[in-house]
Amino acid sequence: MTCSCHNRATLTILQRDPTQTLTIRNSFASQMGARFRQLKGDIRKSIVNNDAFGLRLNAPAGPREFSFGSDADQIRAFRQWLRKQVRRGIIEVYSEDGSEQEFRNAWWAVFLNTGYTAGITHAVTQYTKTGRAVPFGVGNVFAIAQQPIHAEALKVIYQQVFSELEGITIAMEKQLQRVLVDGLKKGWNPNKIATEINRKVDAIGLKRARLLARTEISRAHAEGTLNEFEALGISEL
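Residues numbered from 1 in each chain as written. Predicted model: local features only at pLDDT ≥ 70, side-chain atom pairs only at ≥ 80, totals over all residues. Heavy atoms only, no water.

Draft legend 1. Up close: the packing of helix H5 (residues 107-128) against helix H7 (residues 148-186). Across the interface, H5 lies against H7 with an axial gap of 11 Å and an inter-helix angle of 140°. When the axis of H5 is compared with that of H7, the two are oblique. Like other packed secondary-structure pairs, H5 and H7 cross with a definite hand, here right-handed. Every residue of H7 that contacts H5 at Trp108, Ala109, Leu112, Asn113, Tyr116 and Ile120 is listed here: Ile149, His150, Ala153, Leu154, Ile157, Tyr158, Val161, Phe162 and Leu165. Residues belonging to the contact of H5 with H7 are distributed by class as follows: 13 nonpolar, two polar and no charged. (Axes fitted to C-alpha atoms, helices over the stretch in contact; angles between N-to-C directions. Helix = DSSP H or I, 4+ residues; strand = E, 2+ residues; numbered from the N terminus. Parallel < 35°, antiparallel > 145°, perpendicular 65-115°, else oblique. Left-handed = near helix turned anticlockwise from the far one by under 90°. Contact = heavy atoms within 4.5 Å. Nonpolar A, V, L, I, M, F, W, Y, C, P; charged D, E, K, R; others polar.)

What follows is the structure, encoded as structure tokens:
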């Protein structure tokens, strides 16, 4: 349950960013960027260095993981490999729909939790300025965050971010597959295929994922603030 001013106040907090979450947002976006760069490196190494599709003429023996069967077989193998790389390096959730435990252990959950608890701290600080005491104590944000209203809110936030990140990467993977199909059909060399695929990683995956990182930290902070106001019995800001 949320207070009646919840939606309006969420927008206000997101716009004003009064509690300086810029550092958290930038750290989250930076880590997101590092993971996509790692994916790009893996793609280039697989396609160019390892000649995974067996496209180089007179190339020495190498892994050539995808160089078997028809183009359709190669594309299918690449898609399966890419999905594993994305799940392992970017999403860090391995079951199809994810689980509560996986969400809590994922690398991105740390940033969301930090943003949310910063929102709780902001609410507590504002509350104590009125001279009233906080039930768990001003400095005990961890204990406050264990309250059902916050625990349930974080579960929802984790699920939403997982779904958004999953949607971004699936859209990216579809575009990478299209580039690969086009490249094999036109006879591109390994370097050109890897370059064009990685351009799509940047344009579709990385760009949208960085935006997600920044907006979801602000949203988590706003939710933490407003839910703690509600827990403290404040109906208006």
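Draft legend 2. The pattern of salt bridges, seen in detail. Under the definition given, this model contains 13 salt bridges. Residue Asp202 is joined to Lys40 by a salt bridge in which the shortest nitrogen-to-oxygen separation is 2.8 Å. Within this pair, whereas Asp202 is found in helix H8 (residues 190-231), its partner Lys40 is found in helix H2 (residues 22-49), the two being separated by 162 residues in sequence. Under the relative-accessibility criterion, Asp202 is labelled partly exposed at 30%. Of the charged contacts, one joins Glu100 and Arg104 as a salt bridge, the two residues approaching to 2.7 Å between their closest N and O atoms. With Glu100 and Arg104 both in helix H4 (residues 100-105) and four residues apart, the pair spans about one turn of that helix. Three or more residues joined by partner-sharing salt bridges are found here, namely Arg83, Arg87, Glu166 and Glu173. (Salt bridge = Lys/Arg side-chain N within 4 Å of Asp/Glu carboxyl O. Buried < 20%, exposed > 50% of the residue type's maximum accessible area, 1.4 Å probe, protein only.)

Draft legend 3. Up close: unusual backbone geometry. Here Asp51, not a glycine, exhibits a phi torsion of approximately 45°, which is positive. Along the chain, the position of Asp51 falls in the loop between H2 and helix H3 (71-91). Here Asp51 falls in the buried class, since its relative accessible area comes to 2%. One non-glycine residue, Glu92, lies in positive phi territory at about 60°. Relative to the helices and strands, Glu92 is located in the loop between H3 and H4.

Draft legend 4. Geometry of the nonpolar core. The biggest cluster of nonpolar side chains holds 63 residues, and the ones touching the most others in it are Phe28, Ile43, Trp108 and Ile197. Contributions of two or more residues to this core are made by H2, H3, H5, helix H6 (141-145), H7 and H8. In this structure, Ile43 is in contact with Trp81, Leu82, Leu176, Ile197, Asn198 and Val201, ignoring residues within four places of it in sequence. (Core = buried A, V, L, I, M, F, W, Y, C linked by side-chain atoms within 4.5 Å.)

It is worth stressing that arrangement in space is one thing and function is another; only the former is reported here.
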